[in-house]
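# Examining the three-dimensional arrangement
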Amino acid sequence: MRALTRLSLLAVVLTLSGCGAVTSLSRASEQLDTYTLSPLPGAGGGGSGHIVVEAATAGGALATDRILIKPSRVQALYLPDARWSDPAPALMQTLLVGSLQNAGGFRLVAREAAGLVPDYTLMTELRDFQAEAPPGAVPTVRVAMVLTLIRESDRSVASTRRVEAEAPAASDTTGDIVVAFETAVTQALGQAVGWARAQAR
């Protein structure tokens, strides 16, 4: 059975039973397939700056390890058989750290200062991280985030940038939706890393 068909059936069951979708889908007894995403590839090296990538912030529907599906602008559901390896904000932090390390241009890229004074701190607000799936349509994954680069020498905002990307899924199966997430995330990471390296020169 296709992922979104199961999702629709589950939504009906949850409505009839009076249970909230998030509560029922988050039961610890459920066995869910776990998925992760890849940072940008690269050999790293070079650079002289030190940048700390803080944990991303996100709204309630995104602050979970469940894979978000939006049948409409005001509906938030989750795939019934799958989850991310980490909550979406933590996963995005990992992807940004790995991508910046692989791209090079910084002497050190870390999640926290660890007693050192960084040259820059990257703050991330995750705005979109979902598959949008209106009834009868092929899902489209949308990823958007607002990046703010803080110059630590004077605690000023060096630059702010919104990056966004989208990718259509080949079908409404879980596997194809995750592949579309990988495509959209790769595009968004490319924009983010290019911007961060340019600002820190």
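Just so it is clear, the model here is predicted, and its values are computed rather than measured. Within each chain, residue numbers correspond to sequence positions counted from 1 in written order. Side-chain atom pairs in this predicted model are given and counted only at pLDDT of 80 or more, local residue features only at pLDDT of at least 70, and totals for whole chains, interfaces and linings cover all residues. Side-chain calculation: all heavy atoms of the structure are included, whereas hydrogens and water are not.

Before going further, it helps to spend a moment on the overall build of the protein. Secondary structure assignment for the protein yields four helices and nine strands. Counting from the N terminus, the helices are the DSSP runs of H or I reaching at least four residues and the strands are the DSSP runs of E reaching at least two. The order of α-helices and β-strands along the protein, N terminus first, is α-α-β-β-β-β-β-α-β-β-β-β-α. To sort residues, take the accessible area from a 1.4 Å probe on protein chains only and compare it with the maximum for the residue type: under 20% means buried, over 50% means exposed, and anything in between is partly exposed. The burial tally for the protein puts 44% of its 201 residues in the buried class. Pairs at least 24 residues apart make up 70% of the contacts formed inside the protein by residues separated by at least 6 positions. Just so you have it, the protein exposes about 9700 Å², and 53% of that area is on carbon and sulfur atoms. Note on definitions: a residue-residue contact is assigned when non-hydrogen atoms from the two residues lie within 4.5 Å. With residues, only the protein chains shown are counted as cover, and all accessible areas are computed by Shrake-Rupley using a 1.4 Å probe.

A word on the packing of aromatic side chains. The geometry of two aromatic rings is summed up by the distance between their centres and the angle between their planes. Note on aromatic pairs: the rings of Phe, Tyr and Trp (six-membered ring only in Trp) are paired at centre separations within 6.5 Å, and the planes decide the class, stacked below 30 degrees, edge-to-face beyond 60, tilted for the rest. For the coordinates displayed, the defined rule picks out three aromatic pairs. An angle of 50° between the planes, with centres 5.7 Å apart, marks the rings of Trp84 and Phe129 as tilted. Taken together, the positions of Trp84 in strand β5 (residues 77–84) and Phe129 in strand β7 (residues 120–132) put the pair 45 residues apart, joining distant regions of the chain. In terms of burial, Trp84 and Phe129 fall into one category: buried. Here the aromatic residues Trp84, Phe129 and Phe181 are joined through ring pairs into a cluster of three or more.

Core analysis: the biggest nonpolar cluster contains 48 residues, and Leu100, Phe129, Met145 and Phe181 have the highest contact counts within it. In terms of residue count, helix α4 (residues 174–199) provides more of this core than any other element does, twelve residues in total. Setting aside chain neighbours within four positions, we find Phe181 in contact with Leu37, Ile67, Leu68, Trp84, Phe129, Gln130, Ala131 and Val141. In this text, buried Ala, Val, Leu, Ile, Met, Phe, Trp, Tyr and Cys residues form a nonpolar core when linked through side-chain atoms within 4.5 Å.

Axis angles are defined between N-to-C directions and span 0 to 180 degrees, where every axis is a line fitted to C-alpha atoms and, for a helix, only to the segment in contact. Where helix α3 (residues 88–103) contacts α4, the two axes come as close as 10 Å, and the packing angle between them is 55°. What the angle tells us is that α3 and α4 run oblique. The hand of the α3/α4 crossing is right-handed. Counting all contacts with α3, which are made through Met92, Leu95, Leu96, Ser99, Leu100 and Ala103, the residues of α4 involved are Val185, Leu189, Ala192, Val193, Ala196 and Arg197. For this classification, under 35 degrees means roughly parallel, over 145 means roughly antiparallel, 65 to 115 means roughly perpendicular, and everything else is oblique. Crossing handedness is defined as follows: a turn of the near helix away from the far one that is anticlockwise and smaller than a right angle gives a left-handed crossing, while the clockwise case is right-handed.

Per-residue confidence from the prediction method is given by pLDDT, with values spanning 0 to 100. On average, residues of the protein score 87 in pLDDT, and 85% of them reach the 70 mark or higher. For the stretch residues 8–29, pLDDT sits under 50, and the model shows 17 contacts to residues farther than four places along the chain or on other chains.

With respect to burial, strand β4 (residues 66–70) is a largely interior element, four of its five residues being buried. By definition, two strands form a pair when at least two bridges between them are found by DSSP. Pairing geometry for β4 and β5, over three bridges, is antiparallel. The partner of Arg66 across the bridge, within β5, is Arg83. The antiparallel pairing of β4 with β5 creates a hairpin that spans six residues between the two strands. Alignment of β4 against β7, held across two bridges, turns out to be parallel. When the sheet's bridge partners are listed, Ile69 is paired in β7 with Ala131.

The subject of this paragraph is the pattern of salt bridges. Salt bridges, as used here, are contacts in which a Lys or Arg side-chain nitrogen is within 4 Å of a carboxyl oxygen on Asp or Glu. In total, this model carries seven salt bridges according to the counting rule given. The closest approach of N and O atoms between Arg127 and Glu125, which form a salt bridge, is 3.0 Å. For Arg127, a relative accessible area of 40% gives the class partly exposed. Given a relative accessible area of 33%, Glu125 falls into the partly exposed group. The partner of Glu166 in a salt bridge is Arg142, and the shortest N-O contact between them spans 2.9 Å. Here Glu166, found in strand β9 (residues 156–168), pairs with Arg142, found in strand β8 (residues 140–151); they are 24 residues apart in sequence, far enough to count as distant. By relative accessible area, which is 24% here, Arg142 ends up partly exposed. Salt bridges here are not isolated pairs; linked through shared partners, they connect Asp128, Arg162 and Glu164.

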